[in-house]
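Single-letter residue listing:
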Amino acid sequence: VLRLTSFPDGHKAEEQAEGTNVAKYFDRGWCYTEQSWAGLTKAGHLSLDLGKMRAGKEYDCRSLVLDCTKAGGRGPPLQPSAFAAELEKKSFTNGKDDKPLVKGLYEPAFKEQFG
């Protein structure tokens, strides 16, 4: 799983085209949902935060995994009720339709993995 939780060094959010969603990664509903789904099935070393890469540094596979999994590449899976509570704090472009949709999709995925 590849995540980009922060803009690269030197990137300015205000320079994006009008209408671009520049909300922080951890405030976005779909980003949170996709990260949570990945947490149900992927090992921590397979969840890389590319936002931790630094300009000017050369990476090989090992150094990429080490740098991009620092400070927790993946959190523990959440119970559906905890996921739903945290989801209420997140923003969606179309929250009216998307929040109930992802709440309804997460619980069966959780039960499939953990019974």
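What counts, and at which threshold
Residues numbered from 1 in each chain as written. Predicted model: local features only at pLDDT ≥ 70, side-chain atom pairs only at ≥ 80, totals over all residues. Heavy atoms only, no water. Helix = DSSP H or I, 4+ residues; strand = E, 2+ residues; numbered from the N terminus. Expected span 1.5 Å × (residues − 1). Buried < 20%, exposed > 50% of the residue type's maximum accessible area, 1.4 Å probe, protein only. Core = buried A, V, L, I, M, F, W, Y, C linked by side-chain atoms within 4.5 Å. Contact = heavy atoms within 4.5 Å. Salt bridge = Lys/Arg side-chain N within 4 Å of Asp/Glu carboxyl O. pLDDT = per-residue confidence, 0-100. Axes fitted to C-alpha atoms, helices over the stretch in contact; angles between N-to-C directions. Parallel < 35°, antiparallel > 145°, perpendicular 65-115°, else oblique. Left-handed = near helix turned anticlockwise from the far one by under 90°. Nonpolar A, V, L, I, M, F, W, Y, C, P; charged D, E, K, R; others polar. Phe/Tyr/Trp six-rings, centres within 6.5 Å; stacked < 30°, edge-to-face > 60°. Lys NZ or Arg CZ within 6 Å of the ring centre and 35° of its normal.

Student: Would you explain the environment of G44 in this entry?
Tutor: Residue position: G44 is located in the loop between α1 (29–41) and β2 (48–49). Note: C-alpha distance between G44 and P8 (36 residues apart in sequence) is 22 Å.

Student: I would appreciate a short explanation of helix α4 (residues 95–114) in the present structure.
Tutor: In an α-helix, one full turn covers 3.6 residues, which means residues spaced three or four apart are oriented alike. Between its first and last C-alpha, α4 extends 28 Å over 20 residues, near the 28 Å set by a 1.5 Å rise per residue. Among the residues trailing α4, G115 stands out with phi positive, at a value near 75°.

Student: Help me understand α1 in this model?
Tutor: End to end, α1 covers 19 Å across 13 residues, agreeing with the expected 18 Å (1.5 Å per residue, within 8%). Three or more residues of α1 are buried, namely G29, C31, Y32, T33, S36, A38, G39 and L40.

Student: When you look at the nonpolar core in this model, what are you seeing that I'm missing?
Tutor: It is characteristic of soluble globular proteins that their nonpolar side chains tend to be buried jointly. By size, the foremost hydrophobic cluster in this structure holds eight residues: Y32, L40, F83, L87, F92, V102, Y106 and F110. Only α1, α3 (80–87) and α4 provide two or more residues apiece to this core. Broken down by element, the residue count for this core peaks at three residues, all from α4. Those residues in contact with F83, other than ones at most four positions away along the chain, are Y32, T33, S36, L78, V102, K103 and Y106.

Student: Teacher, can you tell me more about the pattern of salt bridges here?
Tutor: Pairing is possible between side chains that carry opposite charge, provided their charged atoms lie close to one another. For the coordinates displayed, the defined rule picks out seven salt bridges. K57 is paired through a salt bridge with D67; the nearest N and O atoms lie 2.5 Å apart. With a gap of ten residues between them, K57 in the loop between β2 and α2 (61–68) and D67 in helix α2 connect regions that are remote in the sequence. For D67, a relative accessible area of 11% translates into the label buried. For K99, the salt bridge identified is with E88, shortest N-O distance 4.0 Å.

Student: Mind showing me how you'd approach the confidence of the model for the protein chain here?
Tutor: Predicted coordinates in areas of low pLDDT are best not read in detail. Considering every residue of the protein chain, the mean pLDDT works out to 86; 98% of them sit at 70 or more. Taking the mean pLDDT of every element in the protein chain, the minimum, 88, falls on strand β1 (residues 2–3) and the maximum, 95, on α3.

Student: Help me out: how do you make sense of the packing of α3 against α4 in this one?
Tutor: Where α3 contacts α4, the two axes come as close as 9 Å, and the packing angle between them is 160°. Overall, the two elements α3 and α4 adopt an arrangement that is roughly antiparallel. Every pair of crossing elements has a handedness; the one defined by α3 and α4 is right-handed. Where α3 approaches α4, its residues P80, F83, A84 and L87 are matched on the opposing element by K99, V102, K103, Y106, E107 and F110.

Student: Please explain the packing of α1 against α4 as it appears in this structure.
Tutor: Helix packing geometry: the angle between the two helix axes and the distance between the axes. Orientation of α1 relative to α4, taken along the N-to-C sense of each, is 5°, at an axis distance of 10 Å. Put simply, α1 runs roughly parallel to α4. Every residue of α4 that contacts α1 at W30, T33, S36, W37, L40 and T41 is listed here: D98, L101, V102, L105, Y106, A109, F110, Q113 and F114. Residue composition of the contact of α1 with α4, grouped by class: ten nonpolar, four polar and one charged.

Student: Would you explain the packing of aromatic side chains in this entry?
Tutor: Note on aromatic pairs: each is described by the distance of the centres and the angle between the planes. On inspection of all chains with the given rule, the structure shows seven aromatic pairs. Taken together, a centroid distance of 5.3 Å and an interplanar angle of 10° make the contact between Y32 and F83 stacked. With Y32 in helix α1 and F83 in helix α3, this residue pair connects regions lying 51 residues apart in the sequence. The burial state of Y32 is the same as that of F83; both residues are buried. A cation sits over an aromatic face here: K90 above Y32, 5.1 Å from the ring centre.

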